[in-house]
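Inside the fold
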Amino acid sequence: MIETSLQGSVLEILIANPPVNALGAGVRKGLERALREAILDSAVKAIVVRGTGKFFSAGADISEFDNTIPDPQLPDIINLMETSPKPVVAAIHGLAFGGGLELALGAHYRIATPIAKLGLPEVALGILPGAGGTQRLPRIVGVEAALEMIVSGAPISAAKGAEIGLIDKLAENEDLAQQATAYARTLTAPRPTGAREVTADPAVFEQFATKNARKIDGLDAPKACIEAVRAAVILPLAQGLERELAFFHELVVGQQSEALRHVFFSERMAAKIDDLPKETTPRKIAKVGIIGAGTMGGGISMNFLSAGIPVTIVDMAQEALDRGIAVICRNYEATAAKGRLTTEQVGTAMTLLTSSLDFGELADCDLIIEAVYEDMDIKKRIFARLDEIAKPGAILASNTSYLSIDDIADVTSRPGDVVGLHFFSPANIMKLVEVVRGAKTAADVLATAMDLARRIGKQPVVSGVCYGFIGNRMLLPRIDGAIDMLVEGATPQQVDRISVDLGMPMGPLQMMDLAGLDLGWHRDVSRIESVRDALCAAGRWGQKTGCGIYDYDDKRRPLPSPAAQSIIDAFREKSGIVPRAISDEEITARTLYVMVNEGAKILEEGITQRASDIDVVWLNGYAWPRHTGGPMYWAEHLVGLEAVVQNLNAYSRSMGESFSLSPLLVRAATNRTSFEDARGKLGAGS
Ligand code: CAA
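Residues numbered from 1 in each chain as written. Predicted model: local features only at pLDDT ≥ 70, side-chain atom pairs only at ≥ 80, totals over all residues. Heavy atoms only, no water.

Now for the overall build of the chain. The number of helices and strands found in the chain is 29 helices and 19 strands. Whereas a compact globule of 686 residues would reach a radius of gyration of roughly 26 Å, the chain reaches 28 Å, a difference of no more than 12%. Reported as C-alpha extents along the three principal axes, the dimensions of the chain are approximately 90 × 60 × 55 Å. Looking at the 686 residues of the chain, the share that counts as buried comes to 55%. When the accessible surface of the chain is split by element, carbon and sulfur atoms take 53% of a total near 29,100 Å². Averaging the locations of the 69 positively and 84 negatively charged side chains of the chain gives two centres separated by 3 Å. (Helix = DSSP H or I, 4+ residues; strand = E, 2+ residues; numbered from the N terminus. Rg over C-alpha atoms; globule rule 2.2 N^0.38 Å. Buried < 20%, exposed > 50% of the residue type's maximum accessible area, 1.4 Å probe, protein only. Areas by Shrake-Rupley, 256 points an atom, 1.4 Å probe, with all protein chains shown as cover. Lys, Arg positive; Asp, Glu negative; His and termini not counted. Charge placed at Lys NZ, Arg CZ, Asp CG, Glu CD.)

Right, here's the structure in full:
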C-alpha cells in the first residue's frame, strides 16, 4: 500500500491503495514507517509524498468510521510529517480530498497538476476534517477562504489553490513524478504549517453563519466546522487540534453522520446491478438521438452535449425545434453567467447539437431517447417507427415516468434493446435517472445505461416495471393523503409544514403547485369530481397561473389563499364532509409513512434491488433531506418501524379501502428487524 523509491537525495513515498488511495489502516501504517525511516536516513535530504493511480488521495477510509479507528491515527502521522526536520512535499494529481488534503496540509510544500482538485468534503458526511484540516487550512489561506472550503465542502481547482496560497507550485503538466522530485531538490528547509499564526475579525464567524443560515440550518457538522476554525484563531495548534478531534468524535457517532454515510455508500451501491453476468460489456455510445424538443428532451440533450457526446434532436414541427434549441441555448448561457461553464465550453456543446424533422436522421445513433408526452399510443407509434430506422444494436429508450416499458418494447422486433431512462425535471440539473428494466431488456443494455448515466454525471438507480416506477409510485399516496386532508379540514400550511420541518425544500401541496395542478386534468370546467378539479376550473393551476392551492407573491413565495380556501370549503360542503381537526401525527402518517409503506411494497415485489436504492431515488429526485438518509433509512433508524406501522394502522380508516399495509413492513416491524432482513425471511424480491 506504500511504496518508496529513492531518487537521488529525494525519497518518494507512494500511496498505492486503489481505487481512490483511501487512507485506511494499512496505508497509515506504511506511511508512518516510511516517514520515520526517511527522517532517520542520512541519504535522504527531502521527501515527496505522491499517489499512484487516478488520485493523490480521497481521504480517510469512510468504512472505518463505524467502529473504533485502528492505530496509527492519521492526525499523528500528519504531526510526524509536519515536524520532520527534512522538507516534505505533497505532490497532488487528480484530487486531494478530506484526509488526503489534510495530509498535504501537514507537508511543508505542495505542488499540484493543472487539473487537480482540492477539497474538504467531510461536511457532506456529517463530520468535519478531523486530521488537522480546520487548524492548518486557515493558517495557510486565511479564515474566510478556509471557512468557505470547509463549510461548503466544495472542491477548488489547483489554479484557485495557487491563487490563495494553498498550492506553492503548479506543475506544467500532468506528469508529476519528475517535476515533484525536482521541486523537492530546490527546497532546503522544512516549513511547518502549525508554526504560522492566523488572525481574523471575531465578527467574521457570525457573519459567515448568518450568510449561510439557509444551507446549514438544522445541520450539526457545519456549525462544528465554524467553531473549529474559530479555534484555529484563538488557540495554539496543539489545543486547536484537540478541539477539532473532540468535534470529530462527537459528530462521527451522531445520527446525522451515520445517515450521511449510509447515503454515501448507498449511492455507490445503487449504480450496481447484482445479477448482471460479470463478463457483460457495455455497448459503445458515440451519438445520441432525442425525440421531442420540449422541456424534457432539451434538458436530457444538454447532459450529453456537456459530456461531449453529439446529439441529434428530432421533432414534428420546425417551430418546436427552434423553440427547444433556443431554450437549450438560454440554459447554457445562464450556466455560463453563473461561472459554471466557460463561453468556450458552451460553444463546444452547441456545436455538437443538430436538429431535424426527419426520423431517418436518427439511423446512425447508438442510443435514441423518446421524450414526448405521456401517451401510450404515441409512444408505441414512435417505437414501431424506431424499429424500422434504428441501426442494429442501437439502444431504444423511453423517458416515460409512469408507463410500461414492456408494452412499449413489445411493439418492436428487438425488445432486448429497449430500456427506460426516466430523467427528472429539470433534466439538465437533477441527478437522478431511473433505469427501467423491462422483462426482456438485455444485460448489456442495462450495463450501458448505468455506465452512461455516470458518464454524464447522473445517479442511476434500477427499477423494475410498475406504474410510476420507484419514485412516482411512492409519490402518489403522498399526494392523495395531502389533498384528502385538505378536504377533511387541514390547512395547506399545516400539511406542508410537516415535510418542511423534516428538511424538505417544500411540502407536497407546494410541490403540486410547482408541477401544475392541471397535469392530467380533464379540462372540463363543469365536471368537478375532486378538489383539484375545482381549483383547476377556477383557473388556479399552480405557479404557472400565479395561483393554485396557494397564492404567490412576485418572488414566487407561497402565501395562504382565502380564495383557494373557500373553493376547498365549498367542495367539502358539497361532498357532505364535516371538517375536523387533523393532528401532525396524522399528516406525518398520511404524507410520509404512506411512502415508506409503498416503498416496502416496491421492495417486496422486487421492483427495486435494495431498500437503500429507494433512499437514493428520493434523495436525488425529490430533495429528501440527506441528513436523514432517505425515507426507508429514516423509517428504520430514526422513527422505528413499529411506530410507522402503529400510526398507519391508527389512520388507516381515514385513508379508505384502497389503503393496505405492506406485509414486509409489518413483518420487519413485528420482528424488529431491517427491511432487508425481513425480505430475506419472506424470500421475496426475486
Ligand atoms: N473511503 C472509503 N471508500 C471510498 C472512499 C473513501 N474515502 N472514497 C471512495 N471510496 C470507494 C467508493 O465507495 C467506491 O467503492 P465501490 O467501488 O466498492 O462502490 C470506490 O471507492 C470508488 O468510488 P467512486 O465510485 O465514488 O469513484 P469516483 O471516481 O466516481 O469518485 C471520489 C471518486 C470523488 C474520490 C469519490 O469517491 C468521493 O467523493 N469519495 C469521498 C471523498 C471524501 O468524502 N473524503 C473525505 C473522507 S472523510 C475524511 O477524510 C475525514 C478526515 O478528516 C480524516
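Here helix α5 (residues 143-152) crosses helix α10 (residues 220-234) at 155°, and the two axes come no closer than 10 Å. Classified by the interaxial angle, the pair formed by α5 and α10 is roughly antiparallel. Crossing geometry of α5 relative to α10 is assigned as right-handed. When α5 is examined against α10, the residues Val-143, Leu-147, Ile-150 and Val-151 are found in contact with a partner set consisting of Pro-222, Cys-225, Ile-226, Val-229 and Val-233. Among the residues making up the contact of α5 with α10, the classes are represented as nine nonpolar, no polar and no charged. (Axes fitted to C-alpha atoms, helices over the stretch in contact; angles between N-to-C directions. Parallel < 35°, antiparallel > 145°, perpendicular 65-115°, else oblique. Left-handed = near helix turned anticlockwise from the far one by under 90°. Contact = heavy atoms within 4.5 Å. Nonpolar A, V, L, I, M, F, W, Y, C, P; charged D, E, K, R; others polar.)

Not every one of the 28 residues close to the ligand is listed here, only the nearest: Gly-99, Glu-102, Gly-130, Arg-268 and Lys-272. Taking Ala-58, its main chain carries an N or O atom lying 2.8 Å from a nitrogen atom of the ligand. A distance of 2.8 Å separates a nitrogen atom of the ligand from a polar backbone atom of Ala-60. Summarising the interface, the protein chains cover 76% of the accessible area of the ligand, which totals 990 Å² for the free molecule. Contributing elements (two or more residues each) for the shell around the ligand: β5 (95-97), α3 (99-106) and α12 (255-270). With three residues, the single largest contributor to the shell around the ligand is α12. (Near = heavy atom within 4 Å. Polar contact = N/O pair within 3.5 Å; in protein donor to acceptor, adjacent residues only side chain to side chain.)

So, on to the pairing of strand β3 (residues 46-51). By the criterion of burial, β3 is predominantly enclosed, with six of the six residues buried. Both faces of β3 are covered, namely the face carrying Ala-46, Val-48 and Arg-50 and the face carrying Ile-47, Val-49 and Gly-51. The sheet contact formed by strand β2 (residues 10-15) and β3 spans six bridges and is parallel. In the strand pairing of β3, Leu-11 is matched with Ile-47. In this fold, the crossover linking β2 to β3 by way of helix α1 (residues 25-40) has right-handed handedness. (Pairing = 2+ DSSP bridges. Right-handed = clockwise from strand over helix to strand, strands pointing away.)

Together, Lys-54, Arg-268, Lys-272, Lys-431 and Arg-454 make up a positively charged patch on the protein surface. Inspection of the secondary structure assignment puts Lys-54 in the loop between β3 and α2 (74-82). Taking the relative accessible area as the measure of exposure, Lys-54 reaches 61% and is therefore exposed. (Patch = residues over 30% accessible without salt bridge, like charges linked within 9 Å, V, L, I, M, F, W, Y side chains within 5 Å. Salt bridge = Lys/Arg side-chain N within 4 Å of Asp/Glu carboxyl O.)

Turning to the domain arrangement of the chain, a few remarks are in order. What the domain assignment reports for the chain is domain 1 (2-253), domain 2 (288-467), domain 3 (490-497 + 504-574) and domain 4 (584-679). A separation of 27 Å is found between the C-alpha centroids of domain 3 and domain 4. With six residues of domain 3 in contact, the opposing surface of domain 4 contributes seven residues. Here domain 3 packs against domain 4, burying approximately 580 Å² in sum over the two surfaces, 72% of which is carbon and sulfur. The interface formed by domain 3 and domain 4 contains one salt bridge. Here domain 3 and domain 4 share one residue pair in polar contact (both at pLDDT 80 or more) between them. Examining the composition of the side of domain 3 that touches domain 4, we find that three residues originate from one element, helix α20 (residues 492-502), more than from any other. Considered class by class, the residues forming the side of domain 3 that touches domain 4 number four nonpolar, one polar and one charged. (Domains from an automatic or database assignment. Buried area = accessible area lost by both parts, 1.4 Å probe.)

With that settled, consider the packing of aromatic side chains. Taken as a whole and assessed by the stated rule, the structure comprises ten aromatic pairs. Between Trp-521 and Trp-541, the aromatic rings sit 5.7 Å apart at their centres with planes inclined by 70°, giving edge-to-face as the arrangement. With a gap of 20 residues between them, Trp-521 in the loop between α21 (508-515) and α22 (531-537) and Trp-541 in the loop between α22 and β18 (551-552) connect regions that are remote in the sequence. Take Trp-521: its relative accessible area is 11%, and that puts it in the buried class. Owing to a relative accessible area of 23%, Trp-541 belongs among the partly exposed residues under this scheme. Relative to Trp-634, the ring of Trp-624 lies with its centre 5.5 Å away and its plane at 70°, an arrangement referred to as edge-to-face. Note that Trp-624 is positioned in the loop between α25 (611-621) and α26 (631-639) and Trp-634 in helix α26, a separation of ten residues in sequence. Across the pair, Trp-634 and Trp-624 agree in class, each one buried. By the ring-pair criterion, three or more aromatic residues cluster together here, those being Phe-424, Trp-618 and Tyr-622. Directly above the aromatic system of Phe-264 lies the positively charged group of Arg-268, at a separation of 3.8 Å from the ring centroid. (Phe/Tyr/Trp six-rings, centres within 6.5 Å; stacked < 30°, edge-to-face > 60°. Lys NZ or Arg CZ within 6 Å of the ring centre and 35° of its normal.)

Quick look at the packing of helix α4 (residues 133-141) against α10 now. Running from N to C, α4 and α10 cross one another at 60°; their axes reach a closest spacing of 8 Å. Here α4 is positioned oblique relative to α10, judged by the angle of their axes. The handedness of the crossing between α4 and α10 is right-handed. Note on element contacts: α10 touches α4 through Ala-228, Val-229, Ala-231 and Ala-232, opposite Thr-134, Gln-135, Pro-138 and Arg-139. Tallied by class, residues from the contact of α4 with α10 come to five nonpolar, two polar and one charged.

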